[in-house]
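Descriptive analysis of the structure
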Amino acid sequence: MPAPLQSLRQYLKVVDAVLEVADARLPVSSRYPDLEKLIGFRARVVVLTRADLADPAATACWLEKLRAGGTRAVAMNARTGAGDRLLYQYLKAIAKAKREARARRGLGEAPLRVMALGIPNVGKSSVLNRLAGRGAARTGNRPGITRGPQWIRIKDNLELLDTPGVLWPRWREPRTALWLGALGCAPEESVPVVGIACLVGEFLLREAPGTLAARYGIQEQGDAADILAAIGRARGFLLPGGVVDQEKTARALVNDFREGRLGRFTLERP
């Protein structure tokens, strides 16, 4: 287990539940594979963020699969608040169970303390801000915005703990690393942007033919490298001598994909 994740154990001692936050477009690879070992008996809610950028039918299938396995799960759009009501209902149910357990032991009420866990840039802070109804946690579109744990107090006797994102040791498996890079969850300097763009291009050529042609005004001919070169020429991303600037072109394609300008896609199916 990575040292940063090990350091979060001290906070688990004082929380009642965990929000496991993942990206709805990558519901397996954006989750920590051994999280159950870390959180133990504590209640858990899986929150699939950026549902507005994922295929809605696929998200519905993922929610059904998670819930069928006994896991509380909700899809959220932190920008509009869609899904936050159900998440709040889950937390209220967990809080009620805590009150009843304390009452059976002759103890008074205490705040429900909830910890948000997830890999970098899956939207943990945005989820907590929706619940808090204010910009209490720092957010951004790149990994590493949350530098250290921070408590957020909100209504109904609920306290939320935001934590820095941590990648698991084997995240560098090539295909996983590229998809995490495509969603902005991997350190930019660790994953080649041209490789990410080629993977995105291959995916779109296979799963959504015509998308690249419509967006960039190109012919979808050849492999992903040929498509990348065509996009660069169409956008005028040229170096001296008329050579296509691959880095600039790749970043444009990846940003368009990441922001949903090319459509709503889920990269992993149940």
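What counts as what
Residues numbered from 1 in each chain as written. Predicted model: local features only at pLDDT ≥ 70, side-chain atom pairs only at ≥ 80, totals over all residues. Heavy atoms only, no water. Helix = DSSP H or I, 4+ residues; strand = E, 2+ residues; numbered from the N terminus. Buried < 20%, exposed > 50% of the residue type's maximum accessible area, 1.4 Å probe, protein only. Contact = heavy atoms within 4.5 Å. Lys, Arg positive; Asp, Glu negative; His and termini not counted. Charge placed at Lys NZ, Arg CZ, Asp CG, Glu CD. Pairing = 2+ DSSP bridges. Axes fitted to C-alpha atoms, helices over the stretch in contact; angles between N-to-C directions. Expected span 1.5 Å × (residues − 1). Parallel < 35°, antiparallel > 145°, perpendicular 65-115°, else oblique. Nonpolar A, V, L, I, M, F, W, Y, C, P; charged D, E, K, R; others polar. Core = buried A, V, L, I, M, F, W, Y, C linked by side-chain atoms within 4.5 Å. Domains from an automatic or database assignment. 1 Å grid on protein atoms, 1.4 Å probe; cavity = no way out; pocket = protein on both sides within 12 Å on 5 of 7 lines; lining within 4 Å. Points joined across faces, edges and corners; volume = space filled by probe spheres on them.

**As for the overall build of the protein chain**
For the protein chain, the helix and strand inventory stands at 11 helices and 8 strands. The principal-axis extent of the C-alpha atoms belonging to the protein chain is close to 80 × 35 × 30 Å. Going through the 270 residues of the protein chain one by one, you find that 51% of them count as buried. Considering only intrachain contacts with a sequence separation of at least 6, the fraction spanning at least 24 residues in the protein chain is 62%. Taken as two groups, the 42 positive and 27 negative side-chain charges of the protein chain have centres that lie 8 Å from each other.

**Considerations on the sheet that holds strand S6 (residues 158-162)**
Read across the sheet, 6 strands follow the order S3-S2-S1-S4-S6-S5 without closing on themselves; strand pairing throughout is mixed. Across the chains shown, the open sheet's two edge strands, defined by having one partner strand only, are strand S3 (72-75) and strand S5 (150-154). Between one strand axis and the next, the sheet turns by 25° as a mean value, whatever way the strands run. Of the pairings in the sheet, the one linking strand S4 (residues 112-117) to S6 comprises 4 bridges and is parallel in character.

**So, helix H8 (residues 193-207)**
Here H8 spans 21 Å end to end across 15 residues, near enough to the 21 Å set by a 1.5 Å rise per residue. Among the residues making up H8, those that are buried are Val-193, Val-194, Ile-196, Ala-197, Cys-198, Leu-199, Val-200, Gly-201, Phe-203 and Leu-204.

**So, the packing of H8 against helix H10 (residues 224-235)**
Any two packed helices are characterised by the angle at which their axes cross and by the distance between the axes. Orientation of H8 relative to H10, taken along the N-to-C sense of each, is 105°, at an axis distance of 8 Å. As far as their axial angle goes, H10 and H8 are roughly perpendicular. Here Val-194, Ala-197, Cys-198, Gly-201, Glu-202 and Leu-205 of H8 lie close against H10, whose contacting residues are Ala-224, Ala-225, Ile-227 and Leu-228. Split into classes, the residues belonging to the contact of H8 with H10 amount to 8 nonpolar, 1 polar and 1 charged.

**Focus: the nonpolar core**
Counting 63 residues, the largest nonpolar core has Leu-19, Val-47, Leu-87, Trp-179, Leu-204, Leu-253 and Phe-257 as the members making the most contacts within it. A domain-level breakdown of this core finds at least three residues from each of domain 1 (3-161) and domain 2 (192-259). Apart from the residues lying within four places of it in its own chain, the contact partners of Phe-257 are Arg-25, Trp-179, Ala-182, Leu-183, Val-200, Phe-203, Leu-204, Leu-262, Phe-265 and Leu-267.

**Looking at the packing of H10 against helix H11 (residues 246-258)**
For the pair H10 and H11, interaxial distance at closest approach is 9 Å and the crossing angle is 95°. Here H10 is positioned roughly perpendicular relative to H11, judged by the angle of their axes. Here Leu-228, Ile-231 and Gly-232 of H10 lie close against H11, whose contacting residues are Thr-249, Ala-250 and Leu-253.

**Structural notes on empty space enclosed by the protein**
Empty pockets left among the atoms are what a rolling probe the size of a water molecule brings to light. According to the stated counting rule, one finds 2 cavities of 30 Å³ or more in the structure shown. In this structure, the second largest cavity occupies an estimated 40 Å³ of space. Forming the walls of the second largest cavity are Arg-25, Leu-53, Leu-183, Phe-257, Gly-263, Phe-265 and Leu-267. A class-by-class count of the residues in the lining of the second largest cavity yields 5 nonpolar, 1 polar and 1 charged.

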